[in-house]
Amino acid sequence: MKALLQRVTEASVSANGRTLGRIDGGLLVLLGLDKADDQAVADRLLNKLLAYRVFPDEEGRMNCSITDTGGGILLVSQFTLAADTRKGLRPSFSSALTPALAKPLFEWTLAELSRRHAGAVATGEFGADMQVALVNDGPVTFLLEAG
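Figured I'd write up the structure that's included with this text. (Residues numbered from 1 in each chain as written. Predicted model: local features only at pLDDT ≥ 70, side-chain atom pairs only at ≥ 80, totals over all residues. Heavy atoms only, no water.)

**Remarks on the overall build of the protein chain**
Keep this limit in mind: The helix count covers DSSP runs of H or I at least four residues long, the strand count covers runs of E at least two residues long, and both are numbered beginning at the N terminus. When we talk radius of gyration, it's over C-alpha atoms, and the globule rule is simply 2.2 Å times the number of residues to the 0.38. Only protein chains enter the accessibility calculation, which uses a 1.4 Å probe; a residue is then buried when its area is under 20% of its type maximum, exposed when over 50%, and partly exposed in between. Contacts: residue pairs with any heavy atoms within 4.5 Å of one another. Accessible surface area values rest on a Shrake-Rupley calculation with a 1.4 Å probe, where residue burial reflects the displayed protein chains alone. His is not counted, nor are the chain ends, whereas Lys and Arg count as positive and Asp and Glu as negative. A single reference atom marks each charge: NZ on Lys, CZ on Arg, CG on Asp, CD on Glu.
When its secondary structure is counted, the protein chain shows 3 helices and 8 strands. Secondary structure elements of the protein chain, listed N to C terminal, follow the sequence β-β-β-α-β-β-α-β-α-β-β. Here the C-alpha radius of gyration of the protein chain, 15 Å, is about what a compact globule of 147 residues would show, namely 15 Å. If one aligns the C-alpha atoms of the protein chain with their principal axes, the spans along those axes are about 45 × 35 × 35 Å. The 147 residues of the protein chain split such that 44% are buried. A fraction of 73% describes how many contacts in the protein chain between residues 6 or more apart in sequence connect residues 24 or more apart. Accessible surface for the protein chain amounts to roughly 8,000 Å². Of this, 51% is attributable to carbon and sulfur atoms. Here the protein chain contributes 15 positively and 17 negatively charged side chains, and the mean placements of these two sets differ by 6 Å.

Dropping the structure here:
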């Protein structure tokens, strides 16, 4: 499981000209699911995500987590994060979790995130062709992996 975190001052996701999710500030999290992923892996990733220190403290150092700040989280399914790009000039998706298995795991992850995080939690539409807009703050971007 891979989560690309981007610290944002604002972010939104839309499909077919309709805004599906929006946050004013916090984290945009693009989530890629691999074949070996399950709820236990998602649980470990959520623990790390909620505690990961990417926000500045009063001295400007990255010592605060999203839990500390209470900012929003926009969680977006990102199939292409599961791509294997080590060989050739075209990504391979053979290691990606199938949509039939990925959708319930994504939905479970979203529900758990909403349950655990006191701030706003928003999302897009699983499997849809979405447009993501963001203002990356910093820019600050990290790739978290759990397996």
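Here the narrative resumes, following the displayed structure.
**Structural notes on the packing of helix 1 (residues 39-51) against helix 3 (residues 99-116)**
Convention followed: A fitted line through C-alpha atoms serves as each axis, taken over the contacting stretch for helices, and the angle formed by two N-to-C directions is quoted from 0 to 180°. By the definition used in this description, the sense in which the near helix is turned from the far one sets the handedness, with an anticlockwise turn below a right angle giving left-handed and a clockwise turn giving right-handed.
Here helix 1 crosses helix 3 at 40°, and the two axes come no closer than 10 Å. Between helix 1 and helix 3 lies a crossing whose hand is right-handed. From helix 1, Gln-39, Ala-42, Asp-43, Leu-46, Asn-47, Leu-49 and Leu-50 reach across to helix 3, where they touch Leu-105, Trp-108, Thr-109, Glu-112, Leu-113 and Arg-116.

**Concerning the environment of Gly-72**
Mapped onto the elements of the fold, Gly-72 is located in strand 6 (residues 72-77). When its relative accessible area of 6% is taken as the criterion, Gly-72 is described as buried. Residues Gly-72 and Leu-113 lie 41 residues apart in sequence; the distance between their C-alpha atoms is 11 Å.

**Some remarks on the nonpolar core**
Applied cut-off: Only buried residues count toward a nonpolar core. Its members are Ala, Val, Leu, Ile, Met, Phe, Trp, Tyr and Cys residues joined through side-chain atoms within 4.5 Å.
Grouped together as the largest cluster of nonpolar side chains are 28 residues, with contacts concentrated most on Met-1, Val-29, Leu-31, Leu-33 and Leu-49. If you list the elements that add at least two residues to this core, you get strand 1 (2-15), strand 3 (26-32), helix 1, strand 4 (53-56), strand 6, helix 3 and strand 8 (131-145). Counting residues in hydrophobic clusters, the runner-up holds 13 residues, among them Val-13, Leu-30, Leu-74 and Val-76.

**Here's the deal with the side chain of Ser-77**
Along the chain, the position of Ser-77 falls in strand 6. Taking the relative accessible area as the measure of exposure, Ser-77 reaches 17% and is therefore buried. Not counting the four nearest positions on each side in its chain, Ser-77 is found in contact with Leu-31, Phe-106, Phe-126 and Met-130.

**Some details on the packing of aromatic side chains**
We apply this condition: Note on aromatic pairs: the rings of Phe, Tyr and Trp (six-membered ring only in Trp) are paired at centre separations within 6.5 Å, and the planes decide the class, stacked below 30 degrees, edge-to-face beyond 60, tilted for the rest.
With the rule as written, the count across this model stands at 3 aromatic pairs. Pairing Phe-79 with Phe-93 gives two aromatic rings, centres 4.6 Å apart and planes at 25°, and the pair type is stacked. Of the two residues, Phe-79 sits in the loop between strand 6 and helix 3 while Phe-93 sits in the loop between strand 6 and helix 3, which places them 14 residues apart along the sequence. By relative accessible area, Phe-93 is classed as partly exposed at 30%.

**Re unusual backbone geometry**
Cis geometry is adopted by the peptide bond preceding Pro-139, which originates at Gly-138 and carries an omega value of 0°. Its location among the elements puts Pro-139 in strand 8. In the Ramachandran plot, Asn-16 falls in the positive-phi region, its phi being about 55° despite a non-glycine side chain. If you trace the backbone, Asn-16 turns up in the loop between strand 1 and strand 2 (18-23).

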